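Reading the structure
Spelled out from the first residue to the last, the chains are:
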Amino acid sequence: MCGNNMSVPLLAEAVTVSGTQKETAAICLLLDLFFICFLFSIRHGWADSLTGIRLPHVKFICPHAPKIPVTLNMRALMPAWFDLMGLSPDSPEDEAGIKKAAENIKAIIEHEARNGIPPHRIIIGGFSQASSGNKNIPILQCHGEMDMMVPAQFGAMTAEKLKYIVNPQMVTFKTYPGVQHSSCPEEMLAVREFIEKYLPRI
């Protein structure tokens, strides 16, 4: 193995759920600030919930977002990947913060690649996240229909936007009736099926 977690700042405090067999794939799971702060601790709650979707050859990495002042929460220090200035479609974006977060995640991918897991065997996922990449990157997006934090219509708008960025056939958008700003067993099953499809055992 090359390098160590101390060489990548986000990995020093990350929660890692190792595979039970030789690790040939990895999932870097990002959580939004509201989920971390208000629903449960990432160290225990979210890591424990991964047991339902674990595969023996897949390593899960749950890095902690750094604490930064968040405009949406009266500039209080909170774990966040970048500043959130509002929840309306016309709210300004923290472009510098988004670029910094992307660089941090790229550093994690490079670290895992040096340790034997090729980049095409790494999934970037998370709660309340959206991503873009090459035209044929598969994207699974799930949303609770009763989400009061991020309304379902914003999820639908994001899915439509993603279809202009990547091959529309690669975007899957699923909604779950009665689910608020959280996950549900049906969603976790969809995530497991997605992982099994795109990170099969080799």
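Overview of the structure. (Residues numbered from 1 in each chain as written. Predicted model: local features only at pLDDT ≥ 70, side-chain atom pairs only at ≥ 80, totals over all residues. Heavy atoms only, no water.)

**Considering the pairing of strand E7 (residues 139-144)**
A regular strand places its side chains on the two faces of the sheet in alternate fashion. We apply this condition: The buried label applies to any residue whose accessible area, calculated with a 1.4 Å probe on protein chains only, is under 20% of its type's maximum; exposed applies above 50%, and partly exposed to all values in between. Helix and strand definitions here come from DSSP, where helices need a minimum of 4 consecutive H or I residues and strands a minimum of 2 consecutive E residues; each element is numbered from the N-terminal end. What makes two strands pair is DSSP finding at least two bridges between them. Think of it like this: strands point away, you trace from the first strand over the helix to the second, and a clockwise trace means the crossover is right-handed.
Summarising burial for E7: 5 of the 6 residues are buried, a large majority. Strand direction decides the pairing type here: E7 and strand E8 (residues 171-176), joined by 6 bridges, are parallel. Across the sheet, the residue bridging to His 143 is Thr 175, located in E8. Taking the sense of rotation as the criterion, the β-α-β connection linking E7, helix H5 (residues 152-165) and E8 turns out right-handed.

**Focus: the pattern of salt bridges**
Selection criterion: Here, a salt bridge means any Lys or Arg side-chain nitrogen found within 4 Å of an Asp or Glu carboxyl oxygen.
This model, assessed by the stated rule, comprises 6 salt bridges. A salt bridge links Asp 83 to Arg 75; the nearest nitrogen and oxygen atoms lie 3.4 Å apart. A relative accessible area of 9% places Asp 83 in the buried class. Among the residues examined, Arg 75 registers a relative accessible area of 48% and is labelled partly exposed.

**Thoughts on the environment of Ala 80**
As for its position among the elements, Ala 80 is in the loop between strand E5 (76-79) and helix H4 (95-114). Ala 80 sits in the buried class, given a relative accessible area of 2%. Measuring from C-alpha to C-alpha, the distance between Ala 80 and Ile 68 comes to 6.4 Å, with 12 residues separating the pair along the chain.

**So, the side chain of His 57**
Rules: Two N or O atoms count as a polar contact when they lie within 3.5 Å, although within protein this holds only if one can serve as hydrogen donor and the other as acceptor, and sequence-adjacent residues are included solely when both atoms are side-chain atoms. Should any heavy atoms of two residues lie within 4.5 Å, those residues are considered in contact.
Turning to its location among the elements, His 57 is positioned in the loop between helix H3 (42-49) and strand E3 (58-62). On the basis of relative accessible area, His 57 is assigned to the buried category, the value being 5%. Of the polar contacts made by the side chain of His 57, one reaches the backbone oxygen of Leu 199; its length is 2.8 Å. The residues contacting His 57, other than those within four sequence positions of it, are Lys 22, Glu 23, Thr 24, Ala 25, Arg 121, Leu 199, Pro 200 and Arg 201.

Function cannot be read off these values alone, since they describe shape.
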